[in-house]
Amino acid sequence: MDVARLAGVSQKTVSRVFNNEAYVSAEVRRRVLAAAGELGYRRNNAARALASGRTRAIGVVTLGTALYGPASLLMGVERAVRDTGYALRVVNTVEGDPTGIAGAVDSLLDQGVDGIVISEPIDESGSADRGPDGTGEGPEVSVHVDVPILVCGAPPPFAAPTVLAAGVGADLMARTVTEHLLGLGHLTVHHLAGPQRWYAARDRLAGWRAVLAAHDRREPPPVEGDWSAASGYAAGRELASDPDVTAVFAANDDMAIGLIRALTEAGRRVPDDVSVVGFDDIPVAAYVTPPLTTVRQPFDAVAQDGLKRLVHAIENPQADPLAATEPPVDLIVRASTAPPPAGRGTRAHH
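A few points on the structure. (Residues numbered from 1 in each chain as written. Predicted model: local features only at pLDDT ≥ 70, side-chain atom pairs only at ≥ 80, totals over all residues. Heavy atoms only, no water.)

## Structural notes on the side chain of Asp305
To keep it simple, the criterion reads: To qualify as a helix, a DSSP run of H or I must reach at least 4 residues; to qualify as a strand, a run of E must reach at least 2; elements of each kind are numbered from the N terminus. Exposure classes here rest on a 1.4 Å probe applied to the protein chains alone. A residue is buried below 20% of its type maximum, exposed above 50%, and partly exposed in between. Within 3.5 Å is the distance limit for a polar contact, defined as a pair of N or O atoms, with the added protein rule that one can donate a hydrogen and the other accept it, and that residues adjacent in sequence qualify only through two side-chain atoms.
Note that Asp305 resides in helix H11 (residues 299-315). Owing to a relative accessible area of 11%, Asp305 belongs among the buried residues under this scheme. A distance of 3.1 Å separates the side chain of Asp305 from the backbone nitrogen of Thr325, its partner in a polar contact.

## Quick word on the sheet that holds strand E1 (residues 57-63)
Note the cut-off: A strand pair is defined by DSSP finding two or more bridges across the two strands. Lines fitted to C-alpha atoms define the axes here, with helix axes fitted over just the stretch in contact, and angles between the N-to-C directions of these axes take values from 0 to 180 degrees.
Reading across the sheet, the five strands line up as E2-E1-E3-E4-E5 and stay open at both edges, with parallel pairing between neighbours. With partners counted over all chains shown, the strands left at the sheet margins are strand E2 (87-93) and strand E5 (163-166), one partner each. On average, each strand axis in the sheet is inclined to that of its neighbour by 20 degrees, with strand direction left out of account. As judged from the five bridges shared by E1 and strand E3 (residues 115-119), these two strands associate in the parallel manner. In the sheet register, Ile58 faces E3, and the bridge partner there is Gly115.

## A word on the pairing of E1
Most of E1 is tucked away, with seven of its seven residues classed as buried. Side chains of E1 alternate between two faces, with Ala57, Gly59, Val61 and Leu63 and Ile58, Val60 and Thr62 buried alike. Alignment of E1 against E2, held across seven bridges, turns out to be parallel. What sits directly across from Val60, in E2, is Val90.

## Some remarks on the side chain of Asp123
You can see Asp123 is positioned in the loop between E3 and strand E4 (149-152). Polar contacts involving the side chain of Asp123 include one to the side chain of Arg202, which spans 3.0 Å.

## A few points about the layout of surface pockets
The cut-off we apply is this: Cavities and pockets were defined on a 1 Å grid built over protein atoms only: a cavity is a set of grid points that admits a 1.4 Å probe from which the probe cannot escape, a pocket is an open set flanked by protein on both sides within 12 Å along at least five of seven lines, and lining residues are those with an atom within 4 Å of any such point. Grid points are joined across faces, edges and corners, and a volume is the space filled by probe spheres set on the points.
Reported here for the largest pocket is a volume of approximately 610 Å³. Together, 36 residues line the largest pocket, and Gly167, Ala200, Arg204, Gln297 and Phe299 are the ones closest to its centre. Counting only elements with at least two residues in the lining of the largest pocket, the list comes to helix H5 (68-84), helix H7 (170-183), helix H8 (199-214) and H11.

## Some points on the pairing of E3
In terms of burial, E3 is largely enclosed, as five of its five residues are buried. Going residue by residue along E3, you find Gly115, Val117 and Ser119 tucked away on one face and Ile116 and Ile118 tucked away on the opposite face as well. For E3 and E4, the ladder comprises three bridges, and the chain directions are parallel. Considered in E4, the bridge of Val117 is made with Leu150.

## As for the packing of helix H9 (residues 229-240) against helix H10 (residues 253-265)
Which entries qualify depends on this criterion: Should an angle lie under 35 degrees it is considered roughly parallel, over 145 roughly antiparallel, and from 65 to 115 roughly perpendicular; all remaining angles are considered oblique. With the far helix as reference, a near helix turned anticlockwise by less than a right angle produces a left-handed crossing, and one turned clockwise produces a right-handed crossing. Between two residues, a contact is recorded if the distance between any of their heavy atoms is within 4.5 Å. Throughout, the ten residues Ala, Val, Leu, Ile, Met, Phe, Trp, Tyr, Cys and Pro are labelled nonpolar, Asp, Glu, Lys and Arg are labelled charged, and all others, Gly among them, are labelled polar.
Direction vectors running N to C along H9 and H10 enclose 40 degrees, while the axes themselves pass 6 Å from each other. With respect to each other, H9 and H10 are oriented oblique. Of the two elements, H9 crosses H10, and the hand of that crossing is right-handed. Counted together, Ala229, Ser231, Gly232, Tyr233, Ala235, Gly236, Arg237, Leu239 and Ala240 of H9 and Asp254, Met255, Gly258, Leu259, Arg261, Ala262, Leu263 and Glu265 of H10 form the full contact between these two elements. A breakdown of the residues in the contact of H9 with H10 according to their chemical character gives nine nonpolar, four polar and four charged.

## Details of the sheet that holds strand E9 (residues 275-277)
Taken together, the four strands give an open sheet; going across it, the order is E7-E6-E8-E9, and neighbouring strands pair in parallel fashion. Of all the strands in the sheet, the pair left with one neighbour each is strand E7 (223-224) and E9. With two bridges joining them, strand E6 (residues 190-193) and E7 adopt parallel strand pairing. Within E7, the residue paired with Ala193 across the bridge is Glu224. Along the sheet face, H7 touches strand E8 (247-250) and E9 and points at about 165 degrees away from the line of E8. Contacts from H8 reach E6 and E8 within the one sheet, and its direction differs from that of E6 by about 175 degrees.

## A few points about the nonpolar core
Under the convention used in this document: For the purposes of this section, nonpolar cores are sets of buried Ala, Val, Leu, Ile, Met, Phe, Trp, Tyr and Cys residues that join through side-chain atoms within 4.5 Å.
Counting 26 residues, the largest nonpolar core has Leu192, Val248, Leu259, Leu263, Val276 and Leu292 as its most contacted members. Looking at this core, the elements with two or more residues in it are H9, E8 and H10. Looking at which element gives the most residues to this core, the answer is H10, with five residues. If sequence neighbours within four positions are ignored, Val248 has contacts with Leu181, Val189, His190, Leu192, Leu239, Leu259, Val274, Ser275, Val276 and Val277. Among the nonpolar cores identified, the runner-up in size contains 21 residues, and Ala80, Val81, Leu164 and Ile314 belong to it.

## Some thoughts on the environment of Pro340
Tracing the backbone through its elements, the reader meets Pro340 in the segment after strand E11 (330-332). Look at Pro340 and you get buried, because its relative accessible area is 13%. Along the backbone, Pro340 and Asp273 are 67 residues apart, and their C-alpha atoms lie at a distance of 6.6 Å.

## Some remarks on the packing of H5 against H11
Where H5 meets H11, the closest approach of the two axes is 8 Å, and the angle between their N-to-C directions is 45 degrees. Taken as axis vectors, H5 and H11 run oblique relative to one another. The interaxial crossing formed by H5 with H11 has right-handed handedness. Facing Tyr68, Gly69, Ser72, Leu73, Gly76, Val77, Arg79, Ala80, Val81 and Thr84 of H5, the residues of H11 in contact are Phe299, Asp300, Val302, Ala303, Gln304, Leu307 and Val311.

Now the structure itself:
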């Protein structure tokens, strides 16, 4: 073998280095990797799969979208998979295709993967077309999956030997945002919700609703947008006409930015008259006028923790799954939130 000859070691030693086995000194490992790099050698995963029963590949099913949340989570998963030493295979689904997840999983299983990550943010089962009060689950995905699965969010349940969940924290983050606004003295908080076919939008609405109920506050009817700044602007024009609106929690930053524009045009100053909070902490959030209070989603931390647990399940099929690590909620308080106008907030500030 050329690598072994150039490094001055046996083929068995080269195999140990590429398989990350023990009993290889740092110096020998360095020589083997240097020789492999000089020769342009790449590990033959197909051959390894025949020998080990594994392909050293992880598949990802994700919605084909440029929206900040799903795209950022996919980038986090890609970085985390690279760190594990596994190859990555991505299959995109299309919004509106009820068989998208099953077809994508089937495709990855045909290619041969050791585990699958499902980053599918939309309920395509039809159970979500009920508006902001809808609940329930879609049917189980009708694909027999014999490898571990990591789900990010809450897609339909799978029949698989191991199903792990990651990133189920939007409810807590929404609670924190709503508590922040009530803590400033606002009597209630209006909600600009995301489209309710999205699991994340449902979680954020549920967290907002739970906090208002816990504090015995009036629950204004939520306004539903489509994640875009344009839908936030349209909602803002509607909300600006209601003098009782002093605080709004928008389900993402883009809608919050559109909302602020509409409120400002209508003569409702932010935050003097109306406080606005977003969700995601997109890069531009700190630079809009006023800078946007928001909650930062820990995409990289969720991906790294999830992939660590998925790889553990792949490589230790008889062991108990690793427990999930929940990252802390990171509320970024900027200039778009303040106490309500004088006389509009009668509760004591927290």
